[in-house]
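Working through the structure, step by step
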Amino acid sequence: MPDLAHHVRQLRDMADALEAQSQATDDPLIPHPDTLKVINSRRTRRGQLNYAVPNALQLQQRVRRYNALTGTAHGDIVALALDMFLRAKGYPPDLTPSKADRP
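The structure reproduced in this document is the subject of the present report. For clarity, every value in this text was computed on a predicted model and none was experimentally measured. (Residues numbered from 1 in each chain as written. Predicted model: local features only at pLDDT ≥ 70, side-chain atom pairs only at ≥ 80, totals over all residues. Heavy atoms only, no water.)

On to the packing of helix H2 (residues 33-40) against helix H4 (residues 74-88). Where H2 meets H4, the axes come as close as 11 Å, and the angle between the chain directions of the two elements is 155 degrees. As the angle between them shows, H2 and H4 are arranged roughly antiparallel. Between H2 and H4 lies a crossing whose hand is right-handed. Only Asp-76, Ala-79, Leu-80, Asp-83 and Arg-87 of H4 make contact with H2, whose side of the interface consists of Asp-34, Thr-35, Leu-36 and Ile-39. Broken down by class, the residue content of the contact of H2 with H4 amounts to 4 nonpolar, 1 polar and 4 charged. (Axes fitted to C-alpha atoms, helices over the stretch in contact; angles between N-to-C directions. Helix = DSSP H or I, 4+ residues; strand = E, 2+ residues; numbered from the N terminus. Parallel < 35°, antiparallel > 145°, perpendicular 65-115°, else oblique. Left-handed = near helix turned anticlockwise from the far one by under 90°. Contact = heavy atoms within 4.5 Å. Nonpolar A, V, L, I, M, F, W, Y, C, P; charged D, E, K, R; others polar.)

What follows is the structure in structure tokens.
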């Protein structure tokens, strides 16, 4: 009889990964664990994101207020908010490191 322990272990690992993935996306207002890894990494390269947004939404003031209350950097607030929105709409990032980002 063949030893199927290796295959059983692989299936359990896949099931665990799928479970973790489904739990991470149940609530779109909870940051995805992969996003938190990227934001919390000191090696993360950053780029400027400039868009004109309606003044009536008071986004700059609200970001400043949230920063003052939580200490979360302005760029991280914007990155988390946009990432959660785009993931919820079905646009997850491809977090495969590019050649430029590899050490």
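Here the narrative resumes.
Compared with an ideal rise of 1.5 Å per residue, which puts 12 residues at 16 Å, helix H3 (residues 59-70) spans 16 Å between its outermost C-alpha atoms and is within 8% of the ideal. Taken from the residues just after H3, Gly-71 is the one with a positive phi, measuring 80 degrees. (Expected span 1.5 Å × (residues − 1).)

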